[in-house]
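This is what each chain is made of:
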Amino acid sequence: MKKQFKKIKQVNGELSLPGDKSISHRALIFSAMASGKSTIKNISQGEDVKSTMRIMEQLGSKITQELDQIVVEGCGFKGFKNPDKNLDCGNSGTSARLIAGLLAAQNFNSTFIGDESLSKRPMKRVIEPLMKMGVNFKSNQTLTLPFTINPPLKIIPITYEMPVASAQVKSSILIAGLHSDDETNVIESEQTRDHTEKMLGLPVRFENGKIISSSSKKYYPKANDYFVPGDISSAAFHIVLTLLSPNSELWIRNVSLNPTRIGFIEILKKMGAYILYENIQYSSNEKYGDVYVKSSKLTNIKIGSEIIPNIIDEIPILTIAGIFAGGSFLIENAKELRVKESDRIKSICANLKLLDLDIEEFEDGFSATGNIKNKKVVFNSFGDHRIAMAFAILSMLMESGGEVNDFDCVSISNPMFEEQINSIAK
Ligand code: S3P
């Protein structure tokens, strides 16, 4: 559905956001793996996490809503049941890749399917390491979904150096590794989000500029009471809207402040943004707290390649901050953007070209220079939730307002996006 957004005059108020998508997936999977009952408070309301929840139920976990939390009855070590149907991951790469690691170590075959976008996304990155762990895959030539996992009798522990910076792949291997007595090690050159390591209490060491995370049976999850902090990647949209609106301020309460997720805030601060963290707390080793933001004048800075994995989901909204800031906005070393829910380099460039900005597209990034022409345009979401929300925010910042096509996809991560905006914006 096409949605129209009017220019916002001011942002003022306070928000508490539904739980972080990455932490919610893991809380569900680890609860379903454990023996006994776990509870999860403030789980994400997005469709992606619903895909994981449905699959955990198909595998035998009983999940019920009780007051303000969900209760998950876990299946225990290798206790999952053979699903009678294909496992539908919908649009969710995290579901497909993390659950592949889990089902690599069960006693039955399982077939994974996904929607049109997910069926185009690369799965070779999990197929390859899981095959080294003894798994057989039945898949197509392109190594994309659908695929069938045929687990070995015993998972083979491996030491694996990551060819791409991906927390989904790292987590998939570490989760499979939880089913062996011996240690599995994953080596990264660039640190990606570390929720799997933090939530399972896995050992992580830093050696010669590399990050090594390890798992084995002794870290197999136990039943737990999880609190999922608010989604910082959803908060990014509200933060940028506040920064760029006049006389505005916003508090976002109890939001995830995991250091591997707040790279975009650190970049915005270097660009001149006034952003503070307050009331820091921890739950299941995950840091969270309140964020205060107020209107700020921004200037573009050079964004280093080492921080790209840390800001990968926020590049669409950082781009909006960048085109309102002084100087050119430049993203390089971010080829991974091409294999997200849409080819995000292409999606961002196509939308920005509608505003007659000077846009250059590279294989691993893009640059944007010039001033926005305030003319009425219809942006395309390309069926990608983060592109839809980024260009909705841009529309709210333009004198003329703007429209976004195919806006429904925001429900993938944040179905309450519009209500949240309406509650803080005038
Ligand atoms: C995620 C990892 C990232 C991120 C995705 C969630 C996760 O993907 O883009 O939204 O929860 O592990 P990659 O591992 O493909 O970089």
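Scoring rules and cut-offs
Residues numbered from 1 in each chain as written. Predicted model: local features only at pLDDT ≥ 70, side-chain atom pairs only at ≥ 80, totals over all residues. Heavy atoms only, no water. Helix = DSSP H or I, 4+ residues; strand = E, 2+ residues; numbered from the N terminus. Buried < 20%, exposed > 50% of the residue type's maximum accessible area, 1.4 Å probe, protein only. Domains from an automatic or database assignment. Contact = heavy atoms within 4.5 Å. Buried area = accessible area lost by both parts, 1.4 Å probe. Salt bridge = Lys/Arg side-chain N within 4 Å of Asp/Glu carboxyl O. Pairing = 2+ DSSP bridges. Axes fitted to C-alpha atoms, helices over the stretch in contact; angles between N-to-C directions.

Engineer: Which parts of the structure should I look at to understand unusual backbone geometry?
Structural biologist: For residues besides glycine, phi is generally negative; the peptide bonds are generally trans as well. Residue Pro 146 follows Leu 145 across a cis peptide bond; omega there is 0°. Backbone geometry at Leu 67 places phi at a positive 50°, although glycine is not the residue there. With respect to the helices and strands, the residue Leu 67 is situated in the loop between strand 4 (62–66) and strand 5 (69–75). A positive phi angle, close to 50°, is found at Asn 279, a residue other than glycine. Along the chain, the position of Asn 279 falls in strand 16 (residues 274–283). Among the residues examined, Asn 279 registers a relative accessible area of 48% and is labelled partly exposed.

Engineer: I keep staring at the domain arrangement of the protein and nothing clicks. Help me out?
Structural biologist: Accessible area lost on assembly of the parts is the figure often given for the size of an interface. Along its sequence, the protein is carved into domain 1 (3–18 + 229–424) and domain 2 (21–226). The centre of domain 1, based on its C-alpha atoms, is set 28 Å off from the matching centre of domain 2. Across the boundary between the two partners, domain 1 contributes 28 residues, which contact 29 residues of domain 2. In total, about 2,400 Å² of surface goes out of reach between domain 1 and domain 2, with carbon and sulfur atoms giving 48% of it. On the surface where domain 1 and domain 2 come into contact, there are 3 salt bridges. The residue Glu 336 makes a salt bridge to Arg 125 at a minimum N-O spacing of 2.8 Å.

Engineer: I would appreciate a short explanation of the sheet that holds strand 13 (residues 210–215) in the present structure.
Structural biologist: Strand pairing in a sheet is mediated by backbone hydrogen bonds. Such pairs are either parallel or antiparallel. Here we have 4 strands laid out as an open sheet, ordered 10-11-13-12, and mixed in their pairing. The outermost strands of the open sheet, each flanked by one partner alone, are strand 10 (159–161) and strand 12 (204–207). For this sheet, the mean inter-axis angle between neighbouring strands, taken without regard to orientation, is 20°. One ladder, built from 4 bridges, connects strand 12 with strand 13; its direction is antiparallel. Residue pairing for strand 13: Phe 206 is matched across the bridge by Ile 211.

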